[in-house]
Amino acid sequence: MHAADHPIWQPSPARLSATHLTAFTRLAETLDNQRYPDYSSLWHASIARPERFWSQLWDYAGVIGDKGSVALEDKDGMRAARFFPQSALNYAENLLRRRDDTLAMVFWGEDKVKRELTWWELSDLVSRLQQAMLAHGIAEGDRVAGYMPNMPETVAAMLAASSLGAVWTSCSPDFGTDGALDRFGQTAPRLLFCPDGYWYNGKQVDISEKMQIIASGLPSVEKVIVVPYLERADAFAETVPKAVTLERFVDSFVASELLFRRVGFNHPLFILYSSGTTGKPKCIVHGHGGTLLQHLKEHQLHADVHAGDRLFYFTTCGWMMWNWLVSGLASGATLMLFDGSPFAKGGHILWQYAEAYRCAQFGTSAKYIDGLRKIDLQPKRDYDLSCLRAVFSTGSPLVAESFDWVYDAIKDDINLASISGGTDIVSCFALGCASLPVYRGELQCRGLGMAVEIWNDAGQPVQGEKGELVCTKPFPSMPVGFWGDADGEKYRKAYFERFDNVWCHGDYAELTEHDGMIIYGRSDAVLNPGGVRIGTAEIYRQVETFDAVLDSIVVGQRWLDDERVVLFVKLRDGCELDKTLQAAIRDKIKNGASPRHVPAKIIAVADIPKTISGKIVELAVKNVIHGLPVTNLTALANPEALQLFVDLPELQS
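Anyway, here's the lowdown on the structure attached to this text. (Residues numbered from 1 in each chain as written. Predicted model: local features only at pLDDT ≥ 70, side-chain atom pairs only at ≥ 80, totals over all residues. Heavy atoms only, no water.)

## With respect to the overall build of the chain
Logical step 1: Scanning the chain for helices and strands turns up 21 helices and 31 strands.
Logical step 2: Here the chain has a C-alpha radius of gyration of 24 Å; the compact-globule value for 653 residues is 26 Å, and the two agree.
Logical step 3: Judged by the C-alpha coordinates and their principal axes, the chain covers about 70 × 65 × 55 Å.
Logical step 4: Here the chain, with 653 residues, has 62% of them falling under the buried criterion.
Logical step 5: Considering only contacts within the chain whose residues lie at least 6 apart along the sequence, 71% involve residues at least 24 apart.
Logical step 6: Element-wise, carbon and sulfur atoms account for 48% of the exposed surface of the chain, whose accessible area totals about 24,000 Å². (Helix = DSSP H or I, 4+ residues; strand = E, 2+ residues; numbered from the N terminus. Rg over C-alpha atoms; globule rule 2.2 N^0.38 Å. Buried < 20%, exposed > 50% of the residue type's maximum accessible area, 1.4 Å probe, protein only. Contact = heavy atoms within 4.5 Å. Areas by Shrake-Rupley, 256 points an atom, 1.4 Å probe, with all protein chains shown as cover.)

## Regarding the sheet that holds strand 5 (residues 103-109)
Logical step 1: What the 7 strands build is an open sheet, ordered 6-5-17-16-18-19-20; its pairing is mixed. Of all strands in the sheet, those bounded by a partner on one side alone are strand 6 (113-118) and strand 20 (415-418). For this sheet the average axis-to-axis angle between neighbouring strands, irrespective of direction, equals 15 degrees.
Logical step 2: Both strand 5 and strand 6 contribute to a ladder of 6 bridges, which runs antiparallel. Bridged to Gly-109 within strand 6 is Val-113. (Pairing = 2+ DSSP bridges. Axes fitted to C-alpha atoms, helices over the stretch in contact; angles between N-to-C directions.)

## Some words on the packing of helix 19 (residues 536-543) against helix 20 (residues 579-592)
Logical step 1: Taken N-terminus to C-terminus, the directions of helix 19 and helix 20 make an angle of 125 degrees; their axes are 9 Å apart at the nearest point. One way to sum up the angle between helix 19 and helix 20 is to call them oblique. In terms of crossing hand, the pair formed by helix 19 and helix 20 is right-handed. On helix 20, the residues that touch Ile-539, Gln-542 and Val-543 of helix 19 are Ile-585, Lys-588, Ile-589 and Gly-592.
Logical step 2: Counted by class, the contact of helix 19 with helix 20 contains 4 nonpolar, 2 polar and 1 charged residues. (Parallel < 35°, antiparallel > 145°, perpendicular 65-115°, else oblique. Left-handed = near helix turned anticlockwise from the far one by under 90°. Nonpolar A, V, L, I, M, F, W, Y, C, P; charged D, E, K, R; others polar.)

## Points about helix 20
Logical step 1: The end-to-end C-alpha separation of helix 20 is 20 Å, in line with the 20 Å expected for 14 residues at 1.5 Å each.
Logical step 2: Inspection of helix 20 places Leu-581, Gln-582, Ile-585 and Ile-589 among the buried residues, and these make up the whole buried set. Buried residues of helix 20 fall within an arc of 105 degrees about the axis and therefore sit on the same side. The exposed set on the far side of helix 20, more than 90 degrees from its buried face, consists of Lys-579, Thr-580 and Asn-591.
Logical step 3: Turning to helix 20, the residues buried within the fold contact helix 19, strand 29 (549-559), strand 30 (562-571) and strand 31 (601-604). (Expected span 1.5 Å × (residues − 1). Arc of directions from axis to C-beta.)

## Re the sheet that holds strand 23 (residues 445-446)
Logical step 1: Read across the open sheet, the 3 strands follow the order 21-22-23; overall the sheet is antiparallel. Each having just a single partner strand, strand 21 (420-422) and strand 23 make up the two edges of the open sheet.
Logical step 2: Across the face of the sheet, helix 12 (residues 288-302) comes into contact with strand 22 (427-431) and strand 23 while running at roughly 35 degrees to strand 22.

## Quick word on helix 12
Note that an α-helix has 3.6 residues per turn; residues three or four places apart therefore point the same way.
Logical step 1: With 15 residues, helix 12 should reach 21 Å at 1.5 Å per residue; the first-to-last C-alpha distance of 21 Å fits that figure.
Logical step 2: Where burial is concerned, most of helix 12 is hidden: 15 out of the 15 residues are buried.
Logical step 3: Note on helix 12: the residue one or two positions beyond its end, Asp-304, has a positive phi of about 55 degrees.

## Considerations on the pairing of strand 19 (residues 390-394)
Logical step 1: Taking burial as the measure, the 5 residues of strand 19 include 5 buried ones, the bulk of the element.
Logical step 2: Alternating residues of strand 19 divide into Ala-390, Phe-392 and Thr-394 and Val-391 and Ser-393, and every residue in both groups is buried.
Logical step 3: Two elements, strand 18 (residues 361-365) and strand 19, share 5 bridges in a ladder whose sense is parallel. The residue bridging Gly-363 from the neighbouring strand is Phe-392, located in strand 19.
Logical step 4: Two elements, strand 19 and strand 20, share 4 bridges in a ladder whose sense is parallel. Looking at strand 20, one finds that Ser-393 is bridged to Ser-418.
Logical step 5: This β-α-β element, strand 19 to helix 17 (residues 400-409) to strand 20, shows right-handed connectivity. (Right-handed = clockwise from strand over helix to strand, strands pointing away.)

Spatial relationships are all this shows, so hold off on functional conclusions.
Put into structure tokens, the structure is as follows:
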């Protein structure tokens, strides 16, 4: 156990001297004629003079394109601000800057499918797809969709579309038909890519019936392109309306020099979707320049990704971390793509992959790390992880005990970076930094160029207190807008309704004495017993220490003119929520958090409802226990689990 005021890890002097951040700092000092002795001084300079910081980043990262002479105009207005208004660039051109025989990406579909693509092979595939799209009449602004696993053809289709100025949008094939139609039905793609099925937990998953419904339900789609994964694309394509195989789509085109249409900085690149648990998903549009610059900054200056590094993130194509991962090509990294269950092969599959390809950066979720703790898997003992320099975690707050476990069970000399941002910004507000120490339970720093503060209810910045995470100045990866939101009113309400001209993200957080950050959960899920605000992550941290508890969700229930805390737990097979376990959970929460955190009720349930990207849905459960509707069940991976919370007798007294 490590004291809260002592770092759990610090970079060695040799490692420090070799980081991108050290090189960038020297460049900034030379250009600014000013010393930046530490991260804090560089961060303050980056938000005080954002036009200078982002321009320097453009040059340091070697962005391909015309920068123009203006880095930022209207910088005092969050929504009016425009970065690089004279620029012309293309996202795909920046990702496909290499042409050689080294690996651009590798792919494992669990242990069933294993493939490698060199930079030449990736470029050739993109070229053939690009020509096929042109022949089909795909033009700037057209939407191209992927209902796809995280596999090389998905990346290539995205690059081909974006190279032409078309807009890429995707979700994963585990989405139900309603979930896919709710998303693609709003954005009206002309082309739709899908697989002929996929592997999950060692089993083949047939999606032909789903694809028949989706293809028929999307009148905008002119052609469905079936990508071979289970090696039955021909038979699959015959059953789906408007379908052709990938081979037929590209077979008349020979790979040639790639075409890149350079577009404006804010030209739409991606449409991402909010989880949509309280209504139809928001369609969030991100631009070429903002996405590229922000990801280059995060990969190089924060994650310390270098050319040739093997970069892995466990993600599906329905989560923004897929977009974040594929941008690693712009830094010359080799992408390690994975599709399937992260717990395949008894939880060993991802570590076999990491060892086989000498993974440098391993990205995952807090829930995965907690799951490894529960099955007592110790990668450090069983695998050669000598090349591993960083572990990234996001999706939910990484509790302090999980920090201890990572250093004990994975590797003691790594940068463990808990990161937090969102689909809304396709990036992070607070994240890691290979040049900074790690303190247990804390995100290391606020992102460079991100004017992040924590505000109390009076709208005043605070440190060492919990409050709302806000951003007070514009940044390049703010959404271009929401698709179909012509007057921008939905966009304004989503982020700027609470504080005028200040982005309010909806996270309940704290800025620590180390200038790090602790995320306590979503502010709309904050508990309020007796008028005292409590972040749900503070309770999960205590509950997760119990081996008997596989998962949990905590909500506030209106009760006797107040709110009481209700904890639901999913138990391991053979375990019982008896008085002894209830007392132990309450005692742990009381001593580890505070008496106010102790739940009034602890109730065992068979399952915990989650979104398709694995996030628990506190607001949906809160609605159910209060008899309110949950308007969009298609956002959930297991919507049937919500029935477990209907009319519970335990909540009537």
